[in-house]
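# Overview (structure and organization)
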Amino acid sequence: MFDVERDPTAVELGLFIPQPPAAVWRALTEPALIDRWLASTTGFATEIGTTFILEIPADPPAEVACQVLTVDPGRRFTHSYTDLRGNPPARWFVDWLLEPQGRGTRVLMTHSGFDLDDRVQKMARNAIERGWRNRLLPRLADVVADVGR
């Protein structure tokens, strides 16, 4: 289901979703759909420069401050991802690239900016990779399947 990672400072995962890019785009950019597979958002909009909060369901709950950096509708979406729990807060980037492939979409998600010389960042990178691979991307695919019907 997933590709091999190439950059050790980033989580790079690819998957094929058998729905068109428009359905994937909706799941990545509509707050009600984002809530179904990722987290609740506050202040989200697909306009470059928009800042928003992801409310991560964790114990204890966490907030991630984000800013929209790239919007190419139906093709690419990038935002910063600042984990406010860190000391200092860690700032990473999440990039989504959508490519039509047959009747579906090839999705490449890259979560980058990890400092592997920092033990805490290295541990966070590995935990985040497991979360994307095992929970979040499968949930994204499920939401896209519902949207694409």
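Relevant structure appears above.
Residues numbered from 1 in each chain as written. Predicted model: local features only at pLDDT ≥ 70, side-chain atom pairs only at ≥ 80, totals over all residues. Heavy atoms only, no water.

## Some remarks on the sheet that holds strand S4 (residues 62–72)
Strand order in the open sheet formed by seven strands is S1-S7-S6-S5-S4-S3-S2, and the pairing between neighbours is antiparallel. What marks the edges here is a single partner per strand, and that holds for strand S1 (10–17) and strand S2 (40–42). On average, each strand axis in the sheet is tilted by 25 degrees relative to the strand beside it, whichever way the strands run. Of the pairings in the sheet, the one linking S4 to strand S5 (residues 76–83) comprises six bridges and is antiparallel in character. Residue pairing in the sheet places Val64 in a bridge with Asp83 of S5. Strands in contact with helix H1 (residues 21–29) are S1, S4, S5, strand S6 (90–101) and strand S7 (104–112); relative to S6, the strand with the most contacts, it is inclined by about 160 degrees. Packed on one face of the sheet, helix H3 (residues 119–147) meets S1, S6 and S7 and runs near 15 degrees to S1. (Pairing = 2+ DSSP bridges. Helix = DSSP H or I, 4+ residues; strand = E, 2+ residues; numbered from the N terminus. Axes fitted to C-alpha atoms, helices over the stretch in contact; angles between N-to-C directions. Contact = heavy atoms within 4.5 Å.)

## Quick notes on the environment of Leu136
In this structure, Leu136 sits in helix H3. When the C-alpha atoms of Leu136 and Trp37 are compared, they prove to be 6.3 Å apart, with 99 residues separating the residues in sequence. With near-sequence residues (within four places) excluded, Leu136 lies in contact with Trp37, Leu38 and Gly131.

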